[in-house]
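# Tertiary structure, described
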Amino acid sequence: MKLRVFLLTLFMSVLTLSASDAWSAEKQANKQGNKKVTSSKQAAKLVQNKYGGKVLKVNKQKNNAGYRVKIVKPNGQVVSKKVNAKTGKIEKN
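Only a predicted model underlies this, so the values are computations on that prediction, with no experimental measurement involved.

Note that K50 resides in helix α2 (residues 40-51). Here the alpha-carbon distance between K50 and I90, two residues 40 residues apart in the chain, equals 9.1 Å.

Turning our attention to the sheet that holds strand β1 (residues 54-60). Pairing between sheet strands relies on hydrogen bonds along the backbone, with the strands arranged either parallel or antiparallel. Spatial ordering of the open sheet is given by β1-β2-β3-β4, a layout of four strands whose pairing is antiparallel. If you trace the sheet from one side to the other, it starts and ends with β1 and β4 (90-91), each paired once. Relative to strand β2 (residues 66-72), β1 runs antiparallel, the two sharing six bridges. Each bridged residue has a counterpart across the sheet, and for N59 the counterpart in β2 is R68. Its contacts with the sheet put α2 on β1, β2, β3 (78-84) and β4, and the angle it makes with β2 is roughly 45 degrees.

Let us now look at the nonpolar core. If you look at the biggest cluster of nonpolar residues, it comprises nine residues: V37, A43, V47, Y67, V69, I71, V79, V83 and A85. When contributions to this core are tallied by element, the ones reaching two or more residues are α2, β2 and β3. With three residues, β2 is the largest single contributor of residues to this core. When sequence neighbours within four positions are dropped, the list of residues in contact with V79 reads V69, K70, I71 and K73.

It is a general feature of regular strands that their side chains alternate between the two faces of the sheet. As paired elements, β2 and β3 share seven bridges and run antiparallel to each other. Each residue of the ladder has a partner; that of V69, found in β3, is K81. Count of turn residues in the β2/β3 antiparallel hairpin: five residues, of which G76 carries a positive phi of about 95 degrees. As paired elements, β3 and β4 share two bridges and run antiparallel to each other. Its bridge partner being in β4, K82 is matched across the sheet by E91.

Our next topic: the side chain of N84. On the secondary structure map, N84 appears in strand β3. Relative accessible area serves as the criterion here: at 18%, N84 is assigned to the buried category. Those residues within four positions of N84 in sequence are excluded, and the remaining contacts are V37, A65, G66, K89 and E91.

Parameters at a glance
Residues numbered from 1 in each chain as written. Predicted model: local features only at pLDDT ≥ 70, side-chain atom pairs only at ≥ 80, totals over all residues. Heavy atoms only, no water. Helix = DSSP H or I, 4+ residues; strand = E, 2+ residues; numbered from the N terminus. Pairing = 2+ DSSP bridges. Contact = heavy atoms within 4.5 Å. Axes fitted to C-alpha atoms, helices over the stretch in contact; angles between N-to-C directions. Core = buried A, V, L, I, M, F, W, Y, C linked by side-chain atoms within 4.5 Å. Buried < 20%, exposed > 50% of the residue type's maximum accessible area, 1.4 Å probe, protein only.

This is the structure:
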């Protein structure tokens, strides 16, 4: 009987630690900006927050892969950036 209680306690501890690790990894990923982007408005805001300036145009990419955001930076430079819809990362061009 004591062995069953011990094994059950051990099993529950392992499950708790596994769930905690998964939750921590997800929280860390979200903290680093790894979020799903579900709208052109959200993609535009990500690029604007990183580069500043004014958003000129946002296009949704084929197969829902992401968004192409065109901005004009404060110095007048026009820049086009791609935002990955799954990760929320701004990819280099």
